[in-house]
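A closer look at the structure
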Amino acid sequence: MKCAITGGYGFIGSNLVNYLYENTDDEIIIIDNFTYAADKQNISPEIQKSSRVNTLYNDIGKISDSDTDLHKALKDCDVIYHLAAESHVDNSITGPGVFVDTNIRGTFNLLELARNYDIKFVHISTDEVYGALQAHDDPFTENTNLDPSSVYSASKASSDLLVKAYGTTYGVDTVITRCVNNYGPRQHVEKLLPKVITNTLRGKEIPVYGKGLNIREWIHVDDHCAGILAASTADAEDKVFNIGSGVEVSNIELVNMVLDIIGESAILIKYVEDRLGHDFRYAMNSDKLRNATGWKPTYDTENFINGLELTVKWYRAKAEDDLRG
């Protein structure tokens, strides 16, 4: 099979490239614009040089008929895994325009290619499209109304609806996955967990919004990648799937877990002014995917600390490599 992965040098994208390379015989086309969140080192030289892997530089927000290499590469492609997106909520507050360009216009451009070349379209979305939960609310299901709070989540909800419309109107074979917060190797340091880990390793202050009471559900990126593959071939009438682990912790609990693993003091914690429109809690019911495919996370509630320890170990090794130059 031949697949394309947009955003393949980003966090989740690079992990999906590695996962597919190691677990399938697929030919892989990586499409990336190499913004600040992408890193060539996220994919090993061995994989990049493989005859199974081809990399194309492209801004999905500006695809045109003149992009002959892209059209040629996708013409006989079986599936597009669409992960390319602007994803940092803080950036969407200060500079919303690029989120519209990439997350909405970019998705539209790719859907047009999928329609023209009859390619399955697997759209990787987020739990944030559902809005916020309170402490005792039931987790989101696939039937929860979309109620985004930030420009980022609104742009993702918009792209979700475009994907649904292309399935309904044009018959494009579409799958939408909505996942909880990811953690694991290769995540940009702007995000909460790598920032906490790297700051702790350097003995620097750890900024925590508000009082750190906001709750998130966390999944290891390898479990997410396995969930994406399971969802892409699931037998279901409505192919929208939540992907979650059941691991819910508050931000301050997560920070303290990292401090305990590294052996540092909570004196590093610095509470800062809360983010505008900061959703209180996200949590997912992923029974639909589990029942349809048998998928389940390796790093569930009982094993979350193990996944966190492996993540800290990866960032510690990276920091040591960076020091050696």
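Residues numbered from 1 in each chain as written. Predicted model: local features only at pLDDT ≥ 70, side-chain atom pairs only at ≥ 80, totals over all residues. Heavy atoms only, no water.

Turning our eyes to something else, we now look at the sheet that holds strand β6 (residues 174-179). Whether parallel or antiparallel, the strands of a sheet pair through hydrogen bonds between backbone atoms. One open sheet accounts for seven strands, arranged β3-β2-β1-β4-β5-β6-β10; its pairing is parallel. The sheet is open, and its two edges are formed by β3 (53-57) and β10 (240-243), each paired on a single side. For this sheet, the mean angle separating the axes of adjacent strands, direction not counted, is 20°. For strand β1 (residues 2-6) and strand β2 (residues 27-32), the ladder comprises five bridges, and the chain directions are parallel. Looking at β2, one finds that T6 is bridged to I31. Contacts between helix α1 (residues 11-23) and the sheet are confined to β1, β2, β3 and β4 (79-82), with β1 contributing the most and set at about 160° to the helix. Contacts from helix α6 (residues 151-170) reach β5 (120-126), β6 and β10, with the element oriented near 155° to β5. (Pairing = 2+ DSSP bridges. Helix = DSSP H or I, 4+ residues; strand = E, 2+ residues; numbered from the N terminus. Axes fitted to C-alpha atoms, helices over the stretch in contact; angles between N-to-C directions. Contact = heavy atoms within 4.5 Å.)

Take α1 next. For α1, built from 13 residues, the straight-helix expectation of 18 Å at 1.5 Å per residue is met to within 8% by its first-to-last C-alpha distance of 18 Å. Within α1, ten of the 13 residues are buried, which leaves it mostly tucked inside the rest of the structure. Every buried residue belonging to α1 is among F11, I12, G13, S14, N15, L16, V17, N18, L20 and Y21, and all of these are buried. (Expected span 1.5 Å × (residues − 1). Buried < 20%, exposed > 50% of the residue type's maximum accessible area, 1.4 Å probe, protein only.)

Glancing now at the sheet that holds strand β9 (residues 215-220). Across the sheet, three strands lie side by side as β7-β9-β11; this open sheet has mixed pairing. Here the strands that pair on one side only, and so sit at the sheet edges, are β7 (181-183) and β11 (248-250). Direction aside, neighbouring strands of the sheet carry axes that sit 50° apart on average. Bridge count for β7 against β9 is three bridges, and the pairing is parallel. Within β9, the residue paired with N182 across the bridge is I219.

This brings us to the packing of helix α7 (residues 192-202) against helix α9 (residues 251-262). Their axes nearest at 10 Å, the elements α7 and α9 cross at an angle of 35°. The handedness of the crossing between α7 and α9 is right-handed. Seen from α7, the contacting residues are L192, L193, V196, I197, T200 and L201; seen from α9, they are N251, L254, V255, V258, L259 and I262. Of the residues in the contact of α7 with α9, the class split is ten nonpolar, two polar and no charged. (Left-handed = near helix turned anticlockwise from the far one by under 90°. Nonpolar A, V, L, I, M, F, W, Y, C, P; charged D, E, K, R; others polar.)

Attention now moves to helix α8 (residues 221-232). Along its twelve residues, α8 runs 16 Å from first to last C-alpha, staying within 8% of the 16 Å computed at 1.5 Å per residue. Burial of α8 is extensive: eleven of the twelve residues sit out of reach of the surface. Taken residue by residue, α8 has V221, D223, H224, C225, A226, G227, I228, L229, A230, A231 and S232 as its buried positions.

Summed over the entire model, instances satisfying the criterion amount to eight aromatic pairs. Ring geometry for Y9 and F34: centres 4.9 Å apart, planes at 40°, overall tilted. One end of the pair, Y9, is in the loop between β1 and α1; the other, F34, is in the loop between β2 and α2 (45-48), and 25 residues separate them in sequence. Overall, Y9 belongs to the buried group, its relative accessible area being 0%. For F34, a relative accessible area of 29% translates into the label partly exposed. (Phe/Tyr/Trp six-rings, centres within 6.5 Å; stacked < 30°, edge-to-face > 60°.)

Once that is clear, we can look at the packing of α1 against α8. Relative orientation and spacing of two packed helices are given, respectively, by the angle between their axes and the distance between those axes. α8 packs onto α1 with a crossing angle of 65° between their chain directions and a minimal axis gap of 9 Å. Between α1 and α8, the crossing angle belongs to the class labelled roughly perpendicular. Crossing handedness for the pair α1 and α8: right-handed. Counting all contacts with α1, which are made through F11, I12, N15, L16, Y19 and L20, the residues of α8 involved are V221, D222, H224, C225, A226 and L229. Per-class residue counts for the contact of α1 with α8 are nine nonpolar, two polar and one charged. (Parallel < 35°, antiparallel > 145°, perpendicular 65-115°, else oblique.)

With that settled, the discussion passes to the side chain of T311. Position of T311 relative to the elements: it lies in helix α11 (residues 304-324). In this view, T311 contacts Y183, G184, I197 and H220; residues no more than four positions away in its chain are not counted.

With that settled, consider unusual backbone geometry. The phi angle at D118 is positive, at roughly 55°, despite the residue not being glycine. Assignment of secondary structure puts D118 in the loop between α5 (97-117) and β5. A relative accessible area of 70% places D118 in the exposed class.

Now for the nonpolar core. With 45 residues, the main nonpolar core has I5, L20, I28 and Y81 as its most contacted residues. Listed by contribution, the elements that provide at least two residues to this core are β1, α1, β2, β4, β5, β6, α8 and β10. Residue contributions to this core peak at seven residues, all from α8. Among the nonpolar cores identified, the runner-up in size contains 23 residues, and A4, C77, I119 and V163 belong to it. (Core = buried A, V, L, I, M, F, W, Y, C linked by side-chain atoms within 4.5 Å.)

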